[in-house]
Amino acid sequence: MSEVYAARRTRLRDYCNAGGSAAALVSRPANVRYLAGAAPHGAVLLLGRTEEQDLLVCAGPAADRPAPERPDEALRVHTLPGADGGDPAVEAARLAEGQDADSLAVEEHHLTVSRHRALGSVAPRLRLAGLGSAVEQLRVVKDEEEISCLRIGAEIADQALGELLESILVGRTERHLALELERRLVDHGADGPAFPTSVATGPNSGRPGHRPTDRRVEEGDFLSVCLGATYRGYRCEIGRTFVIGTAPADWQIELYDLVFAAQRAGRESLVPGAACRDVDRAARQVLDSAGYTEGLTLLTGHGVGLEIDEDPQLSPAAMGKLDACVPVTVEPGVHLPGRGGVRIDDTLVVRPEADGGPELLTITTKELLAL
């Protein structure tokens with residue numbers, strides 16, 4: 001993997017050089033991990049004029065960490081002296097000035113104002129420039145090793161959800177079911193949950209981002225579950241809706257079929273070159289035409305990777321087009337206040353038709369099951 005991380009750093013170096021910056025300071029943890037292989041707490045990456053000048057600046061020893069959290073072995077590590085550690089970003093600016101850099105591109109969207117001022121104070125000869133979202137843009141298209149991690153994470157999430165569906169659900173609280181799902185994720189090999197697990201029952205079902213409560217599962221409820229696994233730092237997402245204990249009512253079948261149709265339309269739109277807003281429109285149109293214009297979520301899906309919410313965004317105002325090997329979610333839903341609702345959420349990888357079209361990573365059935 002050392003060659004992979006070195007190649008990523010080279011791409012960023014070329015970008016910085018083209019923009020007139022001799023060095024770059026990467027401080028956002030997911031970006032540090034992408035370029036260095038690991039992101040020890042508080043660590044920053046100093047990207048120098050040459051590969052030999054690249055440094056991972058840490059507050060404490062990186063070698064003491066478990067193997068998956070250790071950085072690229074080809075990357076030099078600089079550990080701050082002293083027990084209190086200090087600020088690795090400030091130390092990196094000092095080191096950059098010592099490398100005779102005249103400018104330093106920084107992630108202004110991540111640094112606080114006071115931290116930014118501290119950089120200028122410790123290295124007054126450095127011209128501080130903005131790095132923008134350069135690293136985030138590099139992260140959008142995944143290599144096959146990254147997609148493999150997402151695929152394994154999706155398998156773990158499918159396993160955890162499948163086991164829960166085989167257990168007795170009536171009478172158990174949303175909170176208890178969410179905790180059980182997160183335990184099952186770890187049992188099956190996940191680093192942990194990709195985000196706080198959402199379990200929503202009855203009138204809570206279908207709400208995006210619902211935080212589990214002490215409400216107990218009842219016969220006839222819709223049950224919406226949204227969970228994800230983190231595997232080697234990569235995060236996937238799956239969401240399903242079921243009916244508890246009895247045959248679904250007519251209104252539940254009608255609503256479920258509608259959301260399923262919207263989700264299918266979004267999935268089928270995932271082709272290289274498709275405009276992100278067109279994917280959103282394909283799913284949203286199905287719901288709009290049925291009269292559910294009000295209360296729809298702000299976006300139909302988003303990218304996933306080292307973070308659960310990455311670019312691209314599949315929303316009405318989204319700019320740009322999809323590339324091959326971009327993993328995204330498609331997650332339309334409808335919530336009816338006081339009654340409940342439906343959410344269906346998959347993680348897929350954009351693939352050309354010649355390769356079989358979009359690759360579905362989360363494979364738990366989307367049939368409306370009565371549990």
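An unreviewed UniProt entry annotates the protein as Aminopeptidase P family protein of Streptomyces indiaensis.

Within the open sheet, the three strands sit side by side as β8-β9-β12. Their pairing is antiparallel. The outermost strands of the open sheet, each flanked by one partner alone, are β8 (198-201) and β12 (238-243). Within this sheet the neighbouring strands show an average axis-to-axis angle of 10°, counted without direction. For β8 and strand β9 (residues 222-227), the ladder comprises four bridges, and the chain directions are antiparallel. By the bridge assignment, serine 198 is partnered in β9 with cysteine 226.

A word on the environment of leucine 270. The topology assignment puts leucine 270 in the loop between α8 (250-268) and α9 (276-289). Aside from chain neighbours lying at most four places away, what touches leucine 270 is Val279, Leu314, Leu322, Val328, Val330, Leu348, Val350, Arg351 and Pro358.

Once that is clear, we can look at the packing of helix α1 (residues 2-18) against helix α2 (residues 29-36). Between α1 and α2, whose axes approach to 7 Å, the crossing angle comes to 120°. Considering the angle they form, α1 stands oblique to α2. Mapping the contact onto sequence places Tyr5, Arg8, Arg9, Arg11 and Leu12 in α1 and Arg33, Tyr34, Leu35 and Ala36 in α2. Residues belonging to the contact of α1 with α2 are distributed by class as follows: five nonpolar, no polar and four charged.

Definitions and limits used
- Residues numbered from 1 in each chain as written.
- Predicted model: local features only at pLDDT ≥ 70, side-chain atom pairs only at ≥ 80, totals over all residues.
- Heavy atoms only, no water.
- Pairing = 2+ DSSP bridges.
- Helix = DSSP H or I, 4+ residues; strand = E, 2+ residues; numbered from the N terminus.
- Axes fitted to C-alpha atoms, helices over the stretch in contact; angles between N-to-C directions.
- Contact = heavy atoms within 4.5 Å.
- Parallel < 35°, antiparallel > 145°, perpendicular 65-115°, else oblique.
- Nonpolar A, V, L, I, M, F, W, Y, C, P; charged D, E, K, R; others polar.

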